[in-house]
Amino acid sequence: MSTATLTKKELFVQGSLTTDVAEMIEMLAVNVPGVKSCNVNAVNKSLVLSIDTTKDEGAVINELSSLIKTMDSSLKLTTSRQENKNNSKAQRKSADGDKNVSIILGGLNCAHCAEVIGQKVSDLDEVQTANLNFVNKKLNFELKNASDREVIIERVINIIDTTEPGLDIQVMESKKVKKAQDNKVEMILGGLNCAHCAEVIGQKGERGVEIDSIIRAHGLPEEFPHKVLEEADRVIVPIPEEEIKRRMDLRDLKTFTIDGEDAKDLDDAVSIEVLENGNYKLGVHIADVSHYVREHSKLDKEAIKRATSVYLVDKVIPMLPKQLSNGVCSLNPFEDKLTLSVFMEINADGKVIKYDIAESIINSKARMTYTEVSDILEKDDEKLKSTFSNLVEEFHNAEDLARILMKRRERRGSIDFDFPESKIILNSEGKVADIKSYERRISNRMIEEFMLVTNETVAEHFFWLQTPFVYRIHEIPAAEKMENLSKFIATFGYSLKGDLEQIHPKEIQRVLKLIKGTPEEESISTIMLRSMRQARYAPQCVGHFGLAAQYYCHFTSPIRRYPDLQIHRIIKEQLNGKLTEKRSAQLANIVEYASNQSSEQEREAELAERDVHDYYKAVYMADRIGQEFDGTISSVTSFGMFVELENTVEGLIRMVDMTDDYYNYIESSYSLVGERTKRVFRIGDQVRIKVSKVNVDFREIDFELVSVKEDNRLVDTVNDKVEADEKDGE
């Protein structure tokens, strides 16, 4: 099998290349087939490409040239620096007046320092835009006035000195620099050891410091750059009359939001009515964030950099500044808000028989919580029914429709593992007061169903239009994973039918129904979940295995997810007849990057959220060393077994501490088997544990096995050991 080799190719750009466009070229060029990497220097207008030698170099360059032209039609890609120099006098004059400055930060090893330096440079009044790329250690910024070059360099040096004293800073001017107007400068920073970062974050052990250290460890940007906040402040809050006139006016429609008690970023509102023919008319109205966050704006660049909001118990790192996420975009009650609305007529079988997508304006009539609506529907709470008497009928209609939609999804094979999520409750001092399973009640499921059917409807509509789009995909599980799963469930007497390489979600669902209520339910469900692929974003529509959906996207949360924001732009351009062939070509590159960036940031956010939960759980259990709890074995490894308690806290029983026998790990059955006693521990077994040790720094909790539930009785492990020893003596 031959291995592709790479070749370096330097190209040049004719025309006025801004820092913003240079960054966009660098970002999107890798999507051109054959381009493995691209480094753009906005100062000398050069591109250095790594090209796969198995590809036609000319074809690669032509495609890259077309891509650049979609960004700025005045730009031209050339292969010669001389050709780039021999432009018109006007172009040479423009080059002489270049306001771009490039600074190389050699030895920059601290992402936090990079973030601080980049933001401080960006905040300088004389700087138009600034960006620090931590990967290639390059700080690029554009001056408002080229004559300020020397002064600004001194200020930047001062910023670096005050941020991290003692660095070896070298300012190196390019040989090409002959005039003050030509501002190409290289600055190398050596010896950056960043000992001060602990000081910047705070003292170890403090709750806020521990959370901040997790945030930094995952590279999550916390503070917004000053110029992004300035742009957010300039967003016009009063909606112009001409904007209202061009939209569907739904301000008199009975719309309402249902969210958690603490939620402030309200993305979605709903409306519902029963038609004369017995069908339901469901309206889902989503905040029109794209009206305020324009493509290529500072807000947009920061939003795609973050790609998602991150929720860390009592701290939120939003994708958008709070002026937007909690204010102008949030569908707060009794305020006129711009939205994208999807109206669906749904019959008694849960099928969408008619739909309409439109730009709209709403005025929500109530800000409901999941608890309030669930108490009305599940407990018939008289006080709440009286308070929200004008909406009680809508709540009941919504519940009826949600149950119809649930049954339809179940019929087609949608998989619902329904594993408990953690709810960490902090007191007024920020300490953990309690940890329990998050309750998923009828109102939660109701909103989930409405968002799911909306996402499917929008995805199918744009799939058939064949426009560039961002889909949410969940691919078929790997055949090897299914084979291992099949072997595992066979030990319990179950089997997977059909072709394991093209397994249908309905087959997974069938087994889940068979095991419901059995002792092995948790064991098999856990291994099934681990056999699935991770869902991700992609420009190709390949379906969503877990939902058994042929078409799926994320449309309903543009305040906190970038893919939703991106497809809102596409939807609006399509509705307004602006999706030209040229624009579609440009969007194809944009959705590719948005998909990859959002998938990566989503994973990082999930890891950060998990680490924060693990920290709080460790702190909580540190006060409970020596206490006993009932739990379930959630994972078995070669070094021990993890046990999950009813409150979702998970700890490890180390194999070295299981002294009643020598246990062997059996990978095929995910179990531990005692050599002498033949005792078997596997996922799903009920045990009683004692908290033996907690390491908050490493977020580790150790348990000690007290007893195991066998045939509905708890067997004392110490007595078992004594009895086994006596038998050996006989």
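As the structure is a computational prediction, the values presented were derived from the model and not from experiment.

Engineer: Summarise the packing of helix α11 (residues 298–306) against helix α21 (residues 581–622); cite the residues concerned and give the values.
Structural biologist: As a packed pair, α11 and α21 sit with axes 8 Å apart at the nearest point and diverge in direction by 55 degrees. The pairing of α11 with α21 is recorded here as oblique in orientation. Contact residues: α11 offers I304, K305 and R306, while α21 offers Y593, A594, Q597 and Q601. Residues that form the contact of α11 with α21 fall into these classes: 3 nonpolar, 2 polar and 2 charged.

Engineer: Which residues make up the nonpolar core, and what are the values?
Structural biologist: Most often, soluble globular proteins have nonpolar side chains that are buried together. L47, L64, F395, F450, V458, F469 and F555 are the most contacted members of the largest nonpolar core, which totals 77 residues. Ranked by residues supplied to this core, first place goes to helix α16 (residues 442–465) with 9 residues. Counting 57 residues, the second largest nonpolar core, distinct from the first, contains I515, M528, A608 and V612.

Engineer: How would you sum up a positive patch on the surface? Please name residues and give values.
Structural biologist: Judged by side-chain charge, K351, K407, R408, R411 and K506 come together as a positively charged surface patch. Considering each element in turn, the positive patch owes the most residues, 3 residues, to helix α15 (residues 392–412). By the element assignment, K351 lies in the loop between β16 (336–346) and β17 (352–363). Given a relative accessible area of 44%, K351 falls into the partly exposed group.

Engineer: Lay out the sheet that holds β16 with the relevant residues and their values.
Structural biologist: The mixed open sheet is built from 5 strands, whose spatial order is β10-β17-β16-β13-β12. Lying at the two open borders of the sheet, with one neighbouring strand each, are β10 (248–250) and β12 (268–274). For this sheet the average axis-to-axis angle between neighbouring strands, irrespective of direction, equals 35 degrees. Pairing geometry for β12 and strand β13 (residues 280–287), over 7 bridges, is antiparallel. Considered in β13, the bridge of S271 is made with G283. Contacts from α16 reach β12, β13, β16 and β17 within the one sheet, and its direction differs from that of β17 by about 105 degrees.

Engineer: Quick one: what's the story with the pairing of strand β20 (residues 432–437), residue by residue and with numbers?
Structural biologist: Bridging between strand β19 (residues 422–426) and β20 involves 5 bridges; their strand directions are antiparallel. When the sheet's bridge partners are listed, K423 is paired in β20 with K436. The loop that links β19 with its antiparallel partner β20 comprises 5 residues; one of these, G430, has a positive phi angle of about 85 degrees.

Engineer: Which residues make up unusual backbone geometry, and what are the values?
Structural biologist: A positive phi angle, close to 70 degrees, is found at H296, a residue other than glycine. Taking the relative accessible area as the measure of exposure, H296 reaches 35% and is therefore partly exposed. With a phi close to 55 degrees, R699 is a non-glycine residue in the positive phi region.

Engineer: Tell me about the environment of T677, residues and numbers included.
Structural biologist: Secondary-structure assignment places T677 in the loop between β27 (671–674) and β28 (680–682). Taking C-alpha positions, T677 is 8.6 Å from D660, a pair spaced 17 residues apart along the chain.

Engineer: Explain the environment of L17 to me, using residue names and the numbers behind them.
Structural biologist: Along the chain, L17 falls in the loop between β1 (6–14) and α1 (19–28). Assessed through its relative accessible area of 4%, L17 is described here as buried. Distance from L17 to A42, taken between C-alpha atoms, is 6.2 Å for residues 25 residues apart in sequence. In this structure, L17 is in contact with A22, I25, V40, N41, A42, K45, L75 and N100, ignoring residues within four places of it in sequence.

Engineer: Which residues make up the sheet that holds β27, and what values go with them?
Structural biologist: Sheet architecture is open: 3 strands sit in the order β26-β27-β28, paired in antiparallel fashion. Across the chains shown, the open sheet's two edge strands, defined by having one partner strand only, are β26 (663–666) and β28. Taken pair by pair, the neighbouring strands of this sheet meet at an average axis angle of 20 degrees, ignoring direction. The sheet contact formed by β26 and β27 spans 4 bridges and is antiparallel. Pairing of I666 across the sheet is with S671, part of β27.

Engineer: Quick rundown of empty space enclosed by the protein? Include the residues and the values.
Structural biologist: Scanning the model with the defined rule gives 1 cavity of 30 Å³ or more in all. Reported here for the largest cavity is a volume of approximately 40 Å³. Around the largest cavity sit L220, P221, R306, T308, V310, I317, P318 and Q601, which together line it. The residue makeup of the lining of the largest cavity, split by class, is 5 nonpolar, 2 polar and 1 charged.

Engineer: Now, about the packing of aromatic side chains: what can you tell me, with residues and values included?
Structural biologist: Inspection of every chain in the model, using the stated rule, returns 11 aromatic pairs. Centre to centre, the rings of F462 and F469 are 4.9 Å apart; their planes meet at 5 degrees, and the pair counts as stacked. Just as F462 is buried, F469 falls in that class too. An aromatic cluster is built from F462, F469 and Y471, whose rings are joined through pairwise contacts. The aromatic ring of F224 is capped on one face by R306, whose charged end is 3.6 Å from the ring centroid.

Engineer: Go over the pairing of β16 with me, naming the residues and quoting the values.
Structural biologist: Burial runs high along β16: 10 of the 11 residues are buried. Sheet topology note: the β13/β16 ladder contains 8 bridges and is antiparallel. If you follow A287 over to β16, its bridge partner there is T339. Where β16 and β17 come together, 11 bridges link them in antiparallel fashion.

How each quantity is defined
- Residues numbered from 1 in each chain as written.
- Predicted model: local features only at pLDDT ≥ 70, side-chain atom pairs only at ≥ 80, totals over all residues.
- Heavy atoms only, no water.
- Axes fitted to C-alpha atoms, helices over the stretch in contact; angles between N-to-C directions.
- Helix = DSSP H or I, 4+ residues; strand = E, 2+ residues; numbered from the N terminus.
- Parallel < 35°, antiparallel > 145°, perpendicular 65-115°, else oblique.
- Contact = heavy atoms within 4.5 Å.
- Nonpolar A, V, L, I, M, F, W, Y, C, P; charged D, E, K, R; others polar.
- Core = buried A, V, L, I, M, F, W, Y, C linked by side-chain atoms within 4.5 Å.
- Buried < 20%, exposed > 50% of the residue type's maximum accessible area, 1.4 Å probe, protein only.
- Patch = residues over 30% accessible without salt bridge, like charges linked within 9 Å, V, L, I, M, F, W, Y side chains within 5 Å.
- Areas by Shrake-Rupley, 256 points an atom, 1.4 Å probe, with all protein chains shown as cover.
- Salt bridge = Lys/Arg side-chain N within 4 Å of Asp/Glu carboxyl O.
- Lys, Arg positive; Asp, Glu negative; His and termini not counted.
- Charge placed at Lys NZ, Arg CZ, Asp CG, Glu CD.
- Pairing = 2+ DSSP bridges.
- 1 Å grid on protein atoms, 1.4 Å probe; cavity = no way out; pocket = protein on both sides within 12 Å on 5 of 7 lines; lining within 4 Å.
- Points joined across faces, edges and corners; volume = space filled by probe spheres on them.
- Phe/Tyr/Trp six-rings, centres within 6.5 Å; stacked < 30°, edge-to-face > 60°.
- Lys NZ or Arg CZ within 6 Å of the ring centre and 35° of its normal.

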